[in-house]
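Examining the three-dimensional arrangement
Chain residues, written in single-letter form:
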Amino acid sequence: MASQMSVRGEEPARVSWVNDPKTRGIVFQVVVAVALIGFIYWIIGNTAENLRRANISSGFAFLNGRSGFDLSQALIPYSSNSTFMRAMIVGLLNTLLVAVTGIITATIVGFLVGIGRLSGNWLIARICTVYVEIFRNLPPLLVIFFWYVGVLSVLPGPRQSVDLPLGGMINNRGLYLPRLLTEPGFWLVPAALALGVVLTFFFIRWGRRRQMATGQVFPGFRVGLGLIFGLPILAFIVSGMPATLEYPEMAGFNIRGGQVVLPEFLSLYLALSLYTASFIAEIVRAGVLGVAKGQSEAAYSLGLSPRRTLRLVVVPQAMRIIIPPLTSQYLNLTKNSSLAIAVGYADLVAIGQTTMNQTGQAIEVVAIWIVVYLGLSLITSAFMNWYNAKMALVER
Amino acid sequence: MQEHDLSYVRMEMVNAQNAPEREKGVTRWLRKNLFATPIDGLLTLIGLLIVAYALPNIVRWAFIDAAWVGPDRSVCSTQSQGGVQPDGWSGACWAFVNAKFSQFMYGRYPVFERWRVDLTAVMFIALLVPLLIPRIPYKALNAIVFFGVFPVVAYFLLVGGNFGLNRVQTSLWGGLLVTMVLSFVAISVSLPFGILLALGRRSRLPVIKMICVVFIETIRGVPLISVLFMASVMLPLFMPAGTTFDRFLRAVVGLSIFASAYMAEVVRGGLQAIPKGQYEGASSLGLGYWQSMGLIVLPQALKLVIPGIVNTFIGLFKDTSLVYIVGMFDLLAIVRQNFSDANWASPQTPKSGLIFAGLIFWAFCFAMSRYSIYMERRLDTGHRK
């Protein structure tokens, strides 16, 4: 028996082809692929038939037609005579506007609250915990409604507007802020700002190189702050203060002047920022707790001050833990901005739905949504991956 | 050698002294936790100001000045608004919630049939609670009844049409009932589908892998609203002409697809955390693919990602509030719909209704997250340090 085995062993034991994993894999894949293709073919056939019955022609030609609806907020000139294409672009810009402002606010609030939860101060830690536990466990849609129907729409009318500090006003038609009116010559200020940023960048690089060579520390942060804020102010004064603030004021039954922020935008922005901030706070807390205690102890024993320990040892390592989940929170916020439809803020999804109702081009509109949101996701993750790679552990 | 002249040697121990006043009791706690540094003290004062401003106002609004019972809007509006409250009054309108409570729970489910919903709820709790308490035995049987038998019974009870029960159209369902049914179905569908998708994504078969990756990434890349639109507008387009789809079913399909994609990514994280040796060990024991996955890899992987799975459940539960887009009236939508009831319109009504809905959502999500923390501790068998 044994000798038989060893003689036979020269060629691999034959398995019936039914049990061969390779063959099985190929057969299985072919079956799935054929089934999927058949399914898609069936769907396409049904869809074509349904569209023919409903007299809808497919294709993106409808985008050049006149939209015929008005939008409450548009960042580029738009009227009901504009095309659907332009309406979609307005929607995309509105989505981006609320996403970007929301991300900035959520990041600031989230970092503050996350660090606050770790604070040795009992009261602050408790307040931050309560904040996180409340907002993490509520549907964002409910928070949006709360701001929109519960708070903003029950504010008094324009005649009894509530005055805010710095010349702002708020009533049930929106938040009115002073607007900057620029005069010719104002271009110097943004130019000075850009110059300040560029100079800061070079100063910090130079300072780092000098520190490597001589060991002398360059106060990059303070110099940068001075350049970025000082240069524009200087330019503003030198060019003869070519800008004034236009304050909103009562005129008849409405408010004239100033910049108005519509309640739709305000409720969406507040709700998304506060909701996402509670998640970011938890991410930040986990990130800071994830840095081993020995790291800061080692930094102290090297003689680094607590502030430099935080900046040079703890934060860089915490950021490594924080960035990947932070990216997905940013993406979530961008996607959640589609809840705009609930309060009538004209974002991409809301305009898409109106278009869908008017033209019946459901497939095309959904395709546009998928392309735009996937595109935004890819751009955001590409940027964050680049940043993550910069911050990641460089193993030697 | 130097000689020491020890002129004094203490012979008895000194009694331990009390700690200094400032280092014990309340003062120490205050100093350590609230006023450690000047900045800390400032922060504490700011925090105290916030609490001192917010807490009394909230308590007064929600409890002391609140209108608890009443026949209509008059108890919730001031005299200038046509009500009975003095001008300048501001308080919660719990009378509104009180009057609409059964609607918030059942929607427009016929009043005489509501015992069916109650019965389903009782069965749900009776089956769920023993499943959640680790000490109670017969888990497998319990799970089979909960996920296998209960849905069938619940379907016949809630939908009716058989066994002498009247048929109740799903368009009449609403409130917490819809929220719970949608979450239950989507959760129990998304877990198996998510596991399959995750296995597919980790598969060595390129076609399977590609299909799973495209599905997961597309669904995860778009907002839930667009998935729900897809389900509600495009599902009827995809089906042969004349097929009608229940709205409820559309919402369930949309939510399940969405949740499956997220669940797949959570499970994939668990699969990736399992060392290669486990896969190889399973193969060397002669286990096939499904055996090694089902017996060796998945039990470990799922245990690792329980927090992630529960987080997906929580997210799903919150996301059910979006189904109003496809015309369903879940808890949030029905609360919102009732704001337009002229009989109850007052400035305080929306706030009160939303806070009530928020409390319910919050209680469910908070309970789920606490339970996941508890389970995580219990299941932590010490493999991870």
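Shown above is the structure to which this text applies.
The structure displayed is predicted, hence computed values, not measured ones.

1. Some details on the interface of chain A and chain B
Each partner contributes residues to the interface: chain A has 51 residues there, and chain B has 55 residues. The contact between chain A and chain B buries some 4,600 Å² in all, and 75% of this surface belongs to carbon and sulfur atoms. Between chain A and chain B we count one salt bridge in total. With its nearest N and O atoms 3.1 Å apart, the salt bridge here joins Glu133(A) to Arg370(B).

2. Examining unusual backbone geometry
Look at Tyr138(B): it is not a glycine, yet its phi comes out positive at around 60°. Position of Tyr138(B) relative to the elements: it lies in the loop between α4 (114-132) and α5 (139-159).

3. Some remarks on the pattern of salt bridges
All names here are of chain B. Applying the stated criterion across every chain, the model contains ten salt bridges over all chains. One salt bridge in this structure joins Arg-268 and Glu-265, with 3.0 Å as the shortest N-O distance. Placement of both Arg-268 and Glu-265 in helix α9 (residues 247-273) is noted, with a separation of three residues, approximately one turn of the helix. Judged by relative accessible area, which is 15%, Glu-265 ranks as buried. Between Glu-280 and Lys-276 there is a salt bridge, with its nearest N and O atoms 4.0 Å apart. A residue pair is termed a helical-turn pair when its members lie 3 or 4 positions apart in one helix, as Glu-280 and Lys-276 do in helix α10 (residues 276-284) at four residues. Taking the relative accessible area as the measure of exposure, Lys-276 reaches 64% and is therefore exposed. Bridged by salt links that share partners, the residues Arg-201, Glu-217, Glu-265 and Arg-268 form one connected network.

4. As for the packing of helix α12 (residues 362-391) of chain A against helix α7 (residues 206-221) of chain B
Interaxial distance between α12(A) and α7(B) falls to 8 Å at its minimum, and their mutual angle equals 90°. Put simply, α12(A) runs roughly perpendicular to α7(B). In this structure, α12(A) uses Ile370(A), Tyr373(A), Leu374(A) and Ser377(A) to contact α7(B), whose residues at the interface are Glu217(B), Thr218(B) and Gly221(B).

5. Here's the deal with the sheet that holds strand β2 (residues 169-171) of chain A
Strand-to-strand pairing in sheets goes through backbone hydrogen bonds, with the strands running parallel or antiparallel. Residue and element names in this part refer to chain A. Within the open sheet, the four strands sit side by side as β1-β2-β3-β8. Their pairing is antiparallel. The open sheet has two edge strands with one neighbour each: β1 (162-163) and β8 (259-261). Note that β1 and β2 share two bridges and pair antiparallel. Across the sheet, the residue bridging to Val-162 is Ile-170, located in β2. The sheet strands contacting helix α8 (residues 263-289) are β2, β3 (174-177) and β8, and the helix crosses β8 at an angle near 60°.

6. A short note on a nonpolar patch on the surface
Together, Trp122(A), Val26(B), Trp29(B), Leu30(B), Phe35(B), Leu45(B) and Leu48(B) make up a nonpolar patch on the protein surface, roughly 640 Å² of accessible area in all. Counting residues per element, the ones that place at least two in the nonpolar patch are α1 (25-33) and α2 (38-64) of chain B. Sorting elements by how many residues they give to the nonpolar patch places α1(B) first, with three residues. Note on placement: Leu30(B) falls in helix α1.

7. Notes on the side chain of Thr327(A)
All names here are of chain A. With respect to the element layout, Thr-327 can be found in helix α10 (residues 306-336). Within the structure, Thr-327 has its side chain in polar contact with the backbone oxygen of Ile-323 (distance 2.8 Å). Setting aside anything within four residues of it in sequence, one finds Thr-327 in contact with Thr-380, Ser-381 and Met-384.

8. A short note on the state of the cysteines
Residue and element names in this part refer to chain B. Counted under the stated rule, the structure contains one disulfide over all chains. A sulfur-sulfur separation of 1.9 Å characterises the disulfide bridge that pairs Cys-76 with Cys-93. Here Cys-76 and Cys-93 share a disulfide; its torsion about the S-S bond, 75°, makes the bridge right-handed. One end of the pair, Cys-76, is in the loop between α2 and α3 (94-106); the other, Cys-93, is in the loop between α2 and α3, with 17 residues separating them in the sequence. Neither Cys-76 nor Cys-93 differs from the other in exposure class; each is buried.

Procedures and definitions
Residues numbered from 1 in each chain as written. Chains lettered and ligands numbered in written order. Predicted model: local features only at pLDDT ≥ 70, side-chain atom pairs only at ≥ 80, totals over all residues. Heavy atoms only, no water. Contact = heavy atoms within 4.5 Å. Buried area = accessible area lost by both parts, 1.4 Å probe. Salt bridge = Lys/Arg side-chain N within 4 Å of Asp/Glu carboxyl O. Helix = DSSP H or I, 4+ residues; strand = E, 2+ residues; numbered from the N terminus. Buried < 20%, exposed > 50% of the residue type's maximum accessible area, 1.4 Å probe, protein only. Axes fitted to C-alpha atoms, helices over the stretch in contact; angles between N-to-C directions. Parallel < 35°, antiparallel > 145°, perpendicular 65-115°, else oblique. Pairing = 2+ DSSP bridges. Patch = residues over 30% accessible without salt bridge, like charges linked within 9 Å, V, L, I, M, F, W, Y side chains within 5 Å. Areas by Shrake-Rupley, 256 points an atom, 1.4 Å probe, with all protein chains shown as cover. Polar contact = N/O pair within 3.5 Å; in protein donor to acceptor, adjacent residues only side chain to side chain. Disulfide = S-S within 2.5 Å.

Interpretation note: all reported values are geometric properties and have no functional meaning in isolation.
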